Amino acid sequence: MDELKARGKSFEISKREVWDAFLQVKDNKGAPGVDGRTIDDFEADLKNNLYKLWNRLSSGTYFPPPVRAVEIPKPHGDGVRVLGIPTVADRVAQTVVARHLTERVEPIFHEDSWGYRPGRSALDAVERCRERCWTRDWVIDLDVAKFFDTVRWDLIVKAVVAHTDAPWVLLYVRRWLAAPMQQPDGTIVERDRGTPQGSPVSPVLANLFLHYAFDMWMSREYPSVPFERYADDAVVHCVTERQAERVLADIGR
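Residues numbered from 1 in each chain as written. Predicted model: local features only at pLDDT ≥ 70, side-chain atom pairs only at ≥ 80, totals over all residues. Heavy atoms only, no water.

Student: Help me understand the packing of aromatic side chains, please; the structure alone is not making it clear to me.
Tutor: Each aromatic ring pair is described using two quantities: the centre-to-centre distance and the angle formed by the ring planes. Per the stated rule, a full pass over the model turns up 10 aromatic pairs. On the basis of an interplanar angle of 85° and a centroid distance of 5.2 Å, the ring pair of Phe-147 and Phe-148 is categorised as edge-to-face. Considered together, Phe-147 and Phe-148 belong to a single accessibility category, that of buried residues. Here a set of aromatic residues connected by ring pairs shows up, and it is made of Trp-19, Phe-22 and Phe-42. (Phe/Tyr/Trp six-rings, centres within 6.5 Å; stacked < 30°, edge-to-face > 60°. Buried < 20%, exposed > 50% of the residue type's maximum accessible area, 1.4 Å probe, protein only.)

As structure tokens, then:
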């Protein structure tokens, strides 16, 4: 990837892709990143800001700034969840890549993957779960502990490679995975794993990883056992207690 950049070869990223990504970021709103700039600030010089971003993305010279760490209390006093808030410009850049990947992976995702996908919601997952609870008496309620903080980069990249031949997508995914995090006190923390919650590209990367690590594994090992997965949370439906204990043990391993 660095060789491609050094030779001055441009990547095929259209200005329209960057514009559409900005509109999506604007609709989603969101807080400022480490530079303190709001969406209104970015929009004040929109033409120049978008042109500079497109130019850097298409030439391979875009490097993401650190993400701003924000601690969000978990329900029931179960500690805090750390979100990583990118700058507005970085959110636009990530959305360009996220839209590219989403278009390619949506058709292969499991029908019972419900989180962060177009036209699907948590309530859709709850409705499907409720229907299955009428016919199966035992459930496994699971949450992958610290998934977004600990998921391995090499396995995410391996999954991305399987679904795109665009070298710029892989280049920028690697850079975003390795982007440092700025703590509330200003300290910069380097990272060697995980994909921060709060960034536009993280949901599709998480779903892509868990598509292989959980959805396809369940379909292969337990094709008759239905489930609903919402990001790193899932409910698995079993007929008997014995079956539930066996499936739970295998998922844990």
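That covers the picture; the talk isn't over yet.
Student: Help me understand unusual backbone geometry, please; the structure alone is not making it clear to me.
Tutor: Both trends apply: most residues other than glycine have a negative phi, and most peptide bonds are in trans. Positive phi, close to 50°, is recorded for Lys-146, a residue that is not glycine. By the secondary structure assignment, Lys-146 is in the loop between strand 3 (138-143) and helix 7 (147-150). Residues other than glycine seldom take positive phi values, yet Ala-231 does so here, at roughly 55°. Following the sequence through the fold, Ala-231 ends up in the loop between strand 6 (227-230) and strand 7 (233-238). (Helix = DSSP H or I, 4+ residues; strand = E, 2+ residues; numbered from the N terminus.)

Student: Which parts of the structure should I look at to understand the environment of Val-239?
Tutor: Structurally, Val-239 can be placed in the loop between strand 7 and helix 11 (241-252). It is 44 Å that separates the C-alpha atoms of Val-239 and Lys-29, two residues lying 210 residues apart in sequence.

Student: How should helix 8 (residues 153-161) be read in this particular structure?
Tutor: A turn of α-helix holds 3.6 residues, and therefore any two residues three or four places apart point the same way. All buried positions along helix 8 are accounted for by Ile-156, Val-157, Ala-159 and Val-160. An end-on view of helix 8 places all buried positions within 160° of arc, on one side of the element. In the core, the buried residues of helix 8 are packed alongside helix 5 (88-105), helix 9 (167-177) and helix 10 (202-221). (Arc of directions from axis to C-beta. Contact = heavy atoms within 4.5 Å.)

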